[in-house]
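# Breakdown of the fold
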Amino acid sequence: MNASLPPIEAAVLVAAVDGLPARLRKKLDDAVGRFAGLTVTVDGNRYTVAIDDATTVTLVATGGVVRSAADVTCTCLLAPNCLHRAGVLSNAPVGDAPAATTSETLPQGEEAEELGVAQRAAVEQVWRAAVDVLGGGVSGSGAVARAALLRAAHEAQATKVYRPAAAARVVATLLQAARGDDAHYRLADLGVALRELLLVTHALRTGASRELGTARRQYQVEGSLRLYGLCSTAVLAGTGHAGVVTYAADRDGRLWMVADVMPGDAKRAARGGDATLAMGETALTHRGFARAGLVLTGATAAESRQLGAGRGVRAVTASGVAWHEEPLAGLWAEPVAAQVRRAFAALAVPVGDRAAGGELLFLSVTVRGTDGDAVQAEHADGTPLTLRVAVDHPDLGYRENLRVLGRATGLRMLLIARPDPGRPGTVLPLAVAPVAGERWRIEGHADLAFDRLHASQLPAAPAEGAPAPVPVPREAHDPALRLLTAQVERAVAGGRVMLTLSRTSDASRLRRARFEAGAALLERLVAAANDRPRNAFGRLADDDGTAFAQAWLAAATYADAATRALAEAAWLPAEASEF
């Protein structure tokens, strides 16, 4: 991806790829790589890329986005069906569909309807594109496969099959990051996105679900709310979205959130804390709201308790409270076991459907030391914890702040964090504050994404004595389960061919570890990878990939659920022994 290029609508890229002759399509991925580092010259709303001394591609943006194929021109003789246009466009970020906006009313009595003929065709098109991406993996899914996925997403959006359309766009964005060697791309993120895409599409095409999603986030009137700011955290998603989410609690301790997340990069995320709250006429920034309060009248909110910013909303700045004061103190009073069950249940739900703050943990901990890039800590109830960086990017303060906290051995603090479902006893801190009775030289609390802590702001280390033992988090993962996870990720990276030589001993190890279902699913996956039909001449013939995709989906879903269950068990020793 070339961050200097403007966002483009998916239809622009699809048209450019579809217009290529077959002989040029084979050369497209090579062209994408060669064009990725070319200089982009910007003159107002015109973006010019010099391919060579005689060839330039020009993009014209309207409202910051390239919206039509006619807005992209090339000076070569083959234009518009040329490799230059398609190669440059393949390096541009793809913006969200225009319909992905908000609505301030919630239809009552809404029920899912049977899919129409056009909708079924759109679902099938998304399924086929997703199956092809899985079959080829990252290494075999280039610009043509990505364009097919975006084309399918466009058709799904047009026929009001919104959820698969959104999931397909996420996969397409992550696939572009993978092929472009994005430093912040993670194979695991693409695996999760591909699993979600196949899952929702498979459920629709088989009739197991009729949830099409909505084009607009729907809000209902909540009336008057008295909110107390809690914390602000940066959002930097692998889908190309960035911004800020601020959490607050009402008088009853229920959590609400205000989000400002749009297509963007780390710089947008880093600036998010200082963005003005889009609510009523208040002049508070997100960081300001996190330390103050609001009185809302005419408030609206989605089912997830994400607050809306409709015309009827009125907001008046009010006082906030410290974390150790009511009504916020009750969040830390909830038993850890109950918090963990709630958080892991929330993590199993897609991000857009989670209740505000459902995945957050509110912990009182003591810093015990560092272990490489991690900080070892101990909860007030004796539970050992490992603190790791929430988002590792130099534009955000998470890593440096964690270093400062790790050097403050013996420091007691209140912590808001998310559990890491892939690492037992591990949390990703978002914000910290002093416990009751202690004072730090900060304003209320520190949002670790936006604030920059210094050792001078923290209380002096306690007098030296016998060093406190560094607690070791309980190991709850199983190496055998990781064998299944590794095979699932191998398919995402290299496609179906990567599993044709998989060893059956992995299934045996899973059975010895009492993962009988996992062993059966792995055997089914390997068998599906190797089960290739042959034509009358004995040569391998392509099947439609459905059996392999279904086998992979089953294995991936099982591996994810088992991994989360084991990580959750690490927090609950009494229950872990029964797992």
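As a starting point, this report considers the structure included with it. What you see is a predicted model, and the numbers here were worked out from it, not measured in a lab. Every chain is numbered independently, its residues counted from 1 as its sequence is written. In view of the model being predicted, local features appear only for residues whose pLDDT reaches at least 70, and side-chain atom pairs are presented and counted only at 80 or more, with totals across whole chains, interfaces and linings using the full set of residues. Side-chain measures were taken over the full set of non-hydrogen atoms in the model, leaving aside hydrogen atoms and water.

## Points about the overall build of the protein chain
Secondary structure follows DSSP: runs of H or I at least 4 residues long count as helices, runs of E at least 2 residues long count as strands, and numbering of each begins at the N terminus. Assigned secondary structure in the protein chain consists of 18 helices and 17 strands. Values of the radius of gyration come from C-alpha atoms, whereas the globule rule sets the reference at 2.2 Å times the count of residues to the power 0.38. Here the C-alpha atoms of the protein chain give a radius of gyration of 25 Å, agreeing with the 25 Å that 2.2 N^0.38 yields for 579 residues. In terms of overall dimensions, the protein chain has C-alpha extents of about 80 × 60 × 55 Å along its principal axes. Burial status follows relative accessibility: with a 1.4 Å probe on protein chains alone, a residue under 20% of its type maximum counts as buried, one over 50% as exposed, and anything between as partly exposed. Residues classed as buried in the protein chain amount to 49% of the 579 residues present. Throughout, a residue-residue contact means that at least one pair of heavy atoms, one from each residue, lies within 4.5 Å. Look at the contacts in the protein chain between residues 6 or more apart in sequence, and 64% of them connect residues 24 or more apart. To measure how exposed things are, a 1.4 Å probe is used in the Shrake-Rupley method; for residues, cover is taken only from the protein chains shown. Accessible surface, the protein chain as shown: approximately 26,500 Å² in total, 52% of it carbon and sulfur.

## Looking at the side chain of Thr546
Relative to the helices and strands, Thr546 is located in helix H17 (residues 546-571). Here Thr546 is in contact with Trp127, Arg128, Val131 and Arg205, once residues within four sequence places are set aside.

## Brief notes about the pairing of strand S3 (residues 56-60)
Taken together, the five bridges between strand S2 (residues 46-50) and S3 define a ladder with antiparallel strand orientation. Along S3, the bridge assignment pairs Tyr47 with Leu59. A pair of strands counts as paired when DSSP detects no fewer than two bridges linking them. The loop that links S2 with its antiparallel partner S3 comprises five residues.

## What to know about the pairing of strand S13 (residues 374-379)
Here S13 lies mainly inside the structure; five of its six residues are buried. Hairpin remark: strand S12 (residues 361-371) followed by S13, antiparallel, with two residues in the connecting loop; positive phi at Gly372, about 70°. Pairing analysis gives four bridges linking S13 to strand S14 (residues 384-387), with the strands arranged antiparallel. Opposite Glu378, over in S14, you have Pro384 as the bridge partner.

## Focus on the packing of helix H3 (residues 28-35) against helix H4 (residues 83-90)
Fitting a line to C-alpha atoms yields each axis, with helices limited to the stretch in contact; the angle taken between N-to-C directions then spans 0 to 180 degrees. Here H3 crosses H4 at 60°, and the two axes come no closer than 8 Å. The two elements H3 and H4 meet at a crossing, and its hand is right-handed. Residues Leu28, Ala31, Val32, Arg34 and Phe35 of H3 touch H4, and the partners they reach there are Leu83, His84, Ala86, Gly87, Val88 and Ser90. Under this grouping Gly is polar, as are all residues other than the nonpolar Ala, Val, Leu, Ile, Met, Phe, Trp, Tyr, Cys and Pro and the charged Asp, Glu, Lys and Arg. By residue class, the composition of the contact of H3 with H4 is seven nonpolar, three polar and one charged. Each crossing gets its hand from how the near helix is turned against the far one by less than a right angle, where anticlockwise is left-handed and clockwise is right-handed.

## Observations concerning the environment of Val245
Relative to the helices and strands, Val245 is located in strand S8 (residues 241-249). Judged by its relative accessible area of 9%, Val245 falls in the buried class. Each C-alpha atom of the pair Val245 and Thr201 lies 29 Å from the other, and the pair is 44 residues apart in sequence. Among residues more than four places away in sequence, those in contact with Val245 are Cys231, Ser232, Thr233, Val235, Met257, Val258, Ala259 and Val261.

## Focus: the side chain of Thr282
Following the sequence through the fold, Thr282 ends up in the loop between helix H9 (266-271) and helix H10 (286-291). What qualifies as a polar contact is a pair of N or O atoms within 3.5 Å, subject to a donor-acceptor requirement within protein and to the restriction that residues adjacent in sequence count only when both atoms come from side chains. A distance of 3.2 Å separates a polar side-chain atom of Thr282 from the backbone nitrogen of Leu284. Here Thr317 takes part through its side chain, which lies 3.5 Å from a polar atom of the side chain of Thr282. Setting aside anything within four residues of it in sequence, one finds Thr282 in contact with Thr276, Leu277, Leu294, Ala315 and Thr317.

## Some details on unusual backbone geometry
What is expected of a backbone is that most residues other than glycine have negative phi and most peptide bonds are trans. Following Ala79, the chain continues to Pro80 via a peptide bond in cis, the omega torsion being 5°. The residue Pro80 is located in the loop between strand S4 (72-74) and H4 in this model. Residue Glu326 is joined to Pro327 through a cis peptide bond whose omega torsion reads 5°. Along the chain, the position of Pro327 falls in the loop between strand S11 (314-318) and helix H11 (329-333). Positive phi values are uncommon outside glycine, yet Lys160 reaches one of about 70°. Summarising the element assignment, Lys160 is placed in the loop between helix H6 (143-158) and helix H7 (162-179). Of note, Arg514 is a non-glycine position whose phi angle comes to about 70°, a positive value.

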